[in-house]
Amino acid sequence: MESKNVPEMAELLRDAPKNWGKWGPDDEVGSLNYLTETEVLRGVAAVRSGKTFTLQIQMGNPKGDPVWPGRSQACRMNVMDKGHYMCGKGPLFPGLLEYADDMMIMYLQGSTQYDALGHVWYGDQIWNGYDAKSTIGGLAKASVLPIAERGIVGRGVLIDIARHRGKAVLDPGETFTHRDLLEAAEAQRVTIEKRDVLVIRTGWIGSFYERDRSEFYKNFIEPGLTYSPALVEWFQRMEIPNLVTDTIANEVTIDPESGVALPLHNALMRNLGVTLTEIAQLDPLASDCADDGQWSFLYTAAPLKVVSGSGAPVNPVVIK
Ligand code: UVW
């Protein structure tokens, strides 16, 4: 990559809009506040056939799990099975009950997941202006717990940017903007409405299972949305509560204009309170939408209730 002076996040986002204080000084769920009962009913009204889709990737697929470089794979360990009973090591219960048990060690961002609003920051402040020191030893503010306690239900709209560009998968580092999303939506004959859960398919996570692992991680740069003040203003004006994508980090890894890593994490999540849902498996849903021409649906998600968590695994359910 060409070497250039990369500005600090605070400099890049100096004039960027914020929703801090909009829902009070104690708010920890940000733009999810837009998902009122009216929005739930708008989601329900989008249901036509009753077809359902789950958006979580498998945990422990033999090909491995796609995770951000530096994070390790989820590790499931079998700690009790028939073998224990066969060698006399299984616990004895009246009536000779036998059972299998597992435990799992994983990054909370190591599967399809909701980021807590306090997951990223710059300038010593997280979402709503809370002190970044409140993250020390586990998030005391803006953790994933309040998000998990409320759940996420609303109208979802899928924009298949890969299909729109005639590709199975976007190229590494390939970018798109909100204007591209609007163009793709028009081609799909669907409208991105105010307060929609915005679901974007690039084909990237699906391609993880087709490619050689070392090829997937080589010079790792994901495709995705690219930062601009106009894009951030559009998210704010559209009152987007939740951005869901089939990439590991929901935006192009390095902003090509400034050279800054993941600026939208801060511009959208820290500043506007938009929740991010990452590593979604969108291919079966997208194929079905292309077949029946229905790109909007009821979107529901219940991340795990991890106290003080910076994120939580989730298996969103979509009903068409
Ligand atoms: C990082 O935190 C780097 O990314 P993500 O939000 O994708 O977990």
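Residues numbered from 1 in each chain as written. Predicted model: local features only at pLDDT ≥ 70, side-chain atom pairs only at ≥ 80, totals over all residues. Heavy atoms only, no water.

As recorded in an unreviewed UniProt entry, the chain goes by Cyclase family protein and comes from Burkholderia cepacia.

Peer 1: Which residues make up the packing of helix 9 (residues 229-238) against helix 10 (residues 263-272), and what values go with them?
Peer 2: Two numbers describe how helix 9 lies on helix 10: the axes approach to 11 Å, and their chain directions differ by 30°. Judged on the interaxial angle alone, helix 10 and helix 9 are roughly parallel. The handedness of the crossing between helix 9 and helix 10 is right-handed. Judged by residue contacts, Leu-231, Val-232, Phe-235 and Gln-236 of helix 9 engage Leu-264, Ala-267, Leu-268 and Leu-272 from helix 10. Taken together, the residues that form the contact of helix 9 with helix 10 break down as 7 nonpolar, 1 polar and no charged. (Axes fitted to C-alpha atoms, helices over the stretch in contact; angles between N-to-C directions. Helix = DSSP H or I, 4+ residues; strand = E, 2+ residues; numbered from the N terminus. Parallel < 35°, antiparallel > 145°, perpendicular 65-115°, else oblique. Left-handed = near helix turned anticlockwise from the far one by under 90°. Contact = heavy atoms within 4.5 Å. Nonpolar A, V, L, I, M, F, W, Y, C, P; charged D, E, K, R; others polar.)

Peer 1: Outline the domain arrangement of the chain, supporting the account with residue identities and numerical values.
Peer 2: One frequent convention defines the size of an interface as the accessible area lost when the parts assemble. Along its sequence, the chain is organised into domain 1 (16-70 + 107-319) and domain 2 (75-104). Taking only C-alpha atoms, the centre of domain 1 and the centre of domain 2 are 39 Å apart. (Domains from an automatic or database assignment.)

Peer 1: Please set out the pairing of strand 7 (residues 197-201) residue by residue, giving values where relevant.
Peer 2: Summarising burial for strand 7: 5 of the 5 residues are buried, a large majority. As judged from the 5 bridges shared by strand 5 (residues 152-160) and strand 7, these two strands associate in the parallel manner. By the bridge assignment for strand 7, Leu-158 is matched with Val-199. Judged from the 3 bridges that link them, strand 7 and strand 9 (residues 242-245) form a sheet pairing that is parallel. When the bridges of strand 9 are listed, Leu-198 appears paired with Leu-243. (Buried < 20%, exposed > 50% of the residue type's maximum accessible area, 1.4 Å probe, protein only. Pairing = 2+ DSSP bridges.)

Peer 1: Describe the pattern of salt bridges, with residues and values.
Peer 2: Tallying each qualifying case throughout the model produces 22 salt bridges. With a closest N to O distance of 3.6 Å, Glu-193 and Arg-155 form a salt bridge. Of this pair, Glu-193 sits in the loop between helix 6 (178-188) and strand 7 while Arg-155 sits in strand 5, and the two are 38 residues apart along the sequence. When salt bridges that share partners are traced, they join Glu-39, Arg-42, Arg-155, Glu-193, Arg-195, Asp-196 and Glu-239 into one network. (Salt bridge = Lys/Arg side-chain N within 4 Å of Asp/Glu carboxyl O.)

Peer 1: Any details on the packing of aromatic side chains? Residues and values, ideally.
Peer 2: Within this structure, the stated rule accounts for 11 aromatic pairs. Stacked on the ring of Trp-20, the Lys or Arg Lys-18 has its end atom at 5.0 Å from the ring centre. A cation sits over an aromatic face here: Arg-270 above Tyr-122, 3.6 Å from the ring centre. (Phe/Tyr/Trp six-rings, centres within 6.5 Å; stacked < 30°, edge-to-face > 60°. Lys NZ or Arg CZ within 6 Å of the ring centre and 35° of its normal.)

Peer 1: Account for helix 11 (residues 283-292), naming residues and giving values.
Peer 2: When we look at burial in helix 11, the residues that qualify are Leu-285, Ala-286, Asp-288 and Cys-289. Across the axial projection of helix 11, the buried residues extend over an arc of 165°, all falling on one side. Those residues of helix 11 hidden inside the fold are in contact with strand 1 (52-54), strand 5, helix 5 (161-164), strand 7, strand 11 (296-301) and strand 13 (317-319). Where helix 11 ends, the next residue or the one after it, Gly-293, has phi of about 75°, a positive value. (Arc of directions from axis to C-beta.)

Peer 1: I'd like to hear about the environment of Val-307, residue by residue, with values.
Peer 2: You can see Val-307 is positioned in the loop between strand 11 and strand 12 (311-313). Here Val-307 falls in the exposed class, since its relative accessible area comes to 63%. Distance from Val-307 to Gly-138, taken between C-alpha atoms, is 8.4 Å for residues 169 residues apart in sequence.

Peer 1: Break down the site of the ligand for me, with residues and values.
Peer 2: Around the ligand, the neighbouring residues are Trp-68, Arg-71, Gln-109, Asp-115, His-119, Ile-248, Ala-249, Leu-262, His-265 and Glu-278. Interatomic distance of 2.8 Å between a side-chain N/O atom of Arg-71 and an oxygen atom of the ligand. Measuring from an oxygen atom of the ligand, one finds a backbone N or O atom of Ile-248 at 2.8 Å. Burial of the ligand by the protein chains amounts to 90% of its free accessible area of 260 Å². (Near = heavy atom within 4 Å. Polar contact = N/O pair within 3.5 Å; in protein donor to acceptor, adjacent residues only side chain to side chain. Areas by Shrake-Rupley, 256 points an atom, 1.4 Å probe, with all protein chains shown as cover.)

Peer 1: Summarise unusual backbone geometry; cite the residues concerned and give the values.
Peer 2: The backbone phi angle of Asp-124 is positive, close to 70°, even though this residue is not glycine. Here Asp-124 is to be found in the loop between strand 4 (113-115) and helix 4 (145-150). Look at Asp-124 and you get exposed, because its relative accessible area is 58%. Phi is positive for Arg-195, which is not a glycine, with a value near 70°. For Arg-195, the location among the structural elements is in the loop between helix 6 and strand 7.

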